[in-house]
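Structural characterization, general
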Amino acid sequence: MKLGQFNIYPVTDGRFRLDGGAMFGVVPRVIWEKCCPADDHHRIPLSLTCLLIQAHGKNILVDTGLGSKQDKKFHRMFAVDQSSSLHDALHHYRLAPKDIDMVINTHLHFDHAGGNTRCDEKGRTIPTFPMARYLVQRGEFEDAIKANERTKASYRQENFIPILEHHQCEFVTGTTEWLPGVSMVVTPGHTKYHQSVKIESEGHTAFFLGDCIPTVSHLPLPYIMGYDLFPLQTLETKRWILDQAYEEGWLLIFEHDPRIEMGYVHKDPEGKYFLKPAEEARTA
């Protein structure tokens, strides 16, 4: 779709499932299961939606999904469905991996950065996008390198160390406008240095949320993932985003919602936020 002078396209790396209780933290199952029914293993379906931005003659990819390095055990554990992968989605727009100029990682968890790298014919792990600069918050990278017992299951070094070794990693510190109208905005809570991406052109604004509001069902302020390292910070980050999005008419783009990719927030008579989906058909 057009956003002013830019093109933005949600592109998916398929779907997977995570534990519903972990996805909603302290929210009781009797509440969250009304909007997100779980399977027999207590898992709920989630999308792996990335974002393709075409701006200033550049192809910019925000997040890279799970990628293709996982084994059968991983696929069973997370009920991975990549019958339509990120590569398929990019091919829809006549793009190959070599055509991507920039990759922005919101953070380095395996479901957001797994597609950063791939295995070549000799079994070596190499960058998936050979011509791209990979942009990540310096603090996020440092936290991923020194992952602890709480975080190491989410940070898999094969997803980001090869990027550094191939000299394709560029570090960002704080909120930064990397190209005119394309900014990385620090949105802490899920991780300390999580970043979202803000796109602005000709008076229009879109905001790719990453994991600070992973699905439409997480719009209520207290609906915060058990995976979030700093849940009270997530609360304030969500409050800021939703207030700004409502006041300024931002298009919000959701990374994990299995049904709705993007939409605009509105308020009900009680002042609670809800989403009106954008009239945009799924294209990948």
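Residues numbered from 1 in each chain as written. Predicted model: local features only at pLDDT ≥ 70, side-chain atom pairs only at ≥ 80, totals over all residues. Heavy atoms only, no water.

Structural notes on the sheet that holds strand S11 (residues 182–186)
- With respect to topology, seven strands assemble into an open sheet ordered S10-S11-S12-S13-S14-S15-S16, the strand pairing being mixed. Whereas interior strands pair on both sides, the edge strands pair on one side only; in this sheet they are strand S10 (176–179) and strand S16 (273–277). Ignoring strand direction, the axes of neighbouring strands in this sheet form an average angle of 30°.
- By the bridge criterion, three bridges tie S10 to S11 in an arrangement that is antiparallel. By the bridge assignment, Glu 177 is partnered in S11 with Ser 183. (Pairing = 2+ DSSP bridges. Helix = DSSP H or I, 4+ residues; strand = E, 2+ residues; numbered from the N terminus. Axes fitted to C-alpha atoms, helices over the stretch in contact; angles between N-to-C directions.)

Some details on the layout of surface pockets
- Size it by volume and the largest pocket reaches roughly 380 Å³.
- As for the largest pocket, its lining consists of 24 residues, of which Leu 18, His 109, Phe 110, Ser 154 and Tyr 227 are closest to the centre.
- Of all the secondary-structure elements, those providing two or more residues to the lining of the largest pocket are strand S2 (6–19), strand S3 (43–55) and helix H5 (110–113).
- In the lining of the largest pocket, the residues fall into eleven nonpolar, six polar and seven charged. (1 Å grid on protein atoms, 1.4 Å probe; cavity = no way out; pocket = protein on both sides within 12 Å on 5 of 7 lines; lining within 4 Å. Points joined across faces, edges and corners; volume = space filled by probe spheres on them. Nonpolar A, V, L, I, M, F, W, Y, C, P; charged D, E, K, R; others polar.)

Quick word on empty space enclosed by the protein
- Enumeration according to the criterion identifies two cavities of 30 Å³ or more in this entry.
- Roughly 50 Å³ of volume is contained in the largest cavity.
- Taken together, Asn 105, Leu 108, Asn 116, Tyr 134, Val 136, Phe 141, Phe 160, Ile 163 and Cys 169 make up the full set of residues lining the largest cavity.
- Partitioning the lining of the largest cavity into residue classes produces seven nonpolar, two polar and no charged.
- Lining the second largest cavity, in full, are Asp 211, Cys 212, Pro 214, His 218, Tyr 223, Ile 224, Met 225, Asp 228, Thr 234 and Lys 238.
- Along the lines of polarity and charge, the residues of the lining of the second largest cavity split into five nonpolar, two polar and three charged.

A short note on the confidence of the model for the protein
- Per-residue confidence for the protein averages 96 on the pLDDT scale, and 98% of its residues sit at or above 70.
- Contacts for the low-pLDDT stretch residues 280–284, under 50 throughout, to residues beyond four places or in other chains number 16 contacts. (pLDDT = per-residue confidence, 0-100. Contact = heavy atoms within 4.5 Å.)

Focus on the packing of aromatic side chains
- According to the stated counting rule, one finds twelve aromatic pairs in the structure shown.
- Aromatic pair Phe 74 and Phe 110: ring centres 5.6 Å apart, planes at 80°, arrangement edge-to-face. Taken as a pair, Phe 74 in helix H3 (residues 72–77) and Phe 110 in helix H5 lie far apart in primary sequence, 36 residues in all. Of the two residues examined, Phe 74 and Phe 110, each falls in the buried class.
- With a centroid separation of 5.0 Å and 65° between ring planes, the pair formed by Phe 141 and Phe 171 is classed as edge-to-face. With a gap of 30 residues between them, Phe 141 in helix H6 (residues 138–145) and Phe 171 in strand S9 (residues 169–172) connect regions that are remote in the sequence. (Phe/Tyr/Trp six-rings, centres within 6.5 Å; stacked < 30°, edge-to-face > 60°. Buried < 20%, exposed > 50% of the residue type's maximum accessible area, 1.4 Å probe, protein only.)

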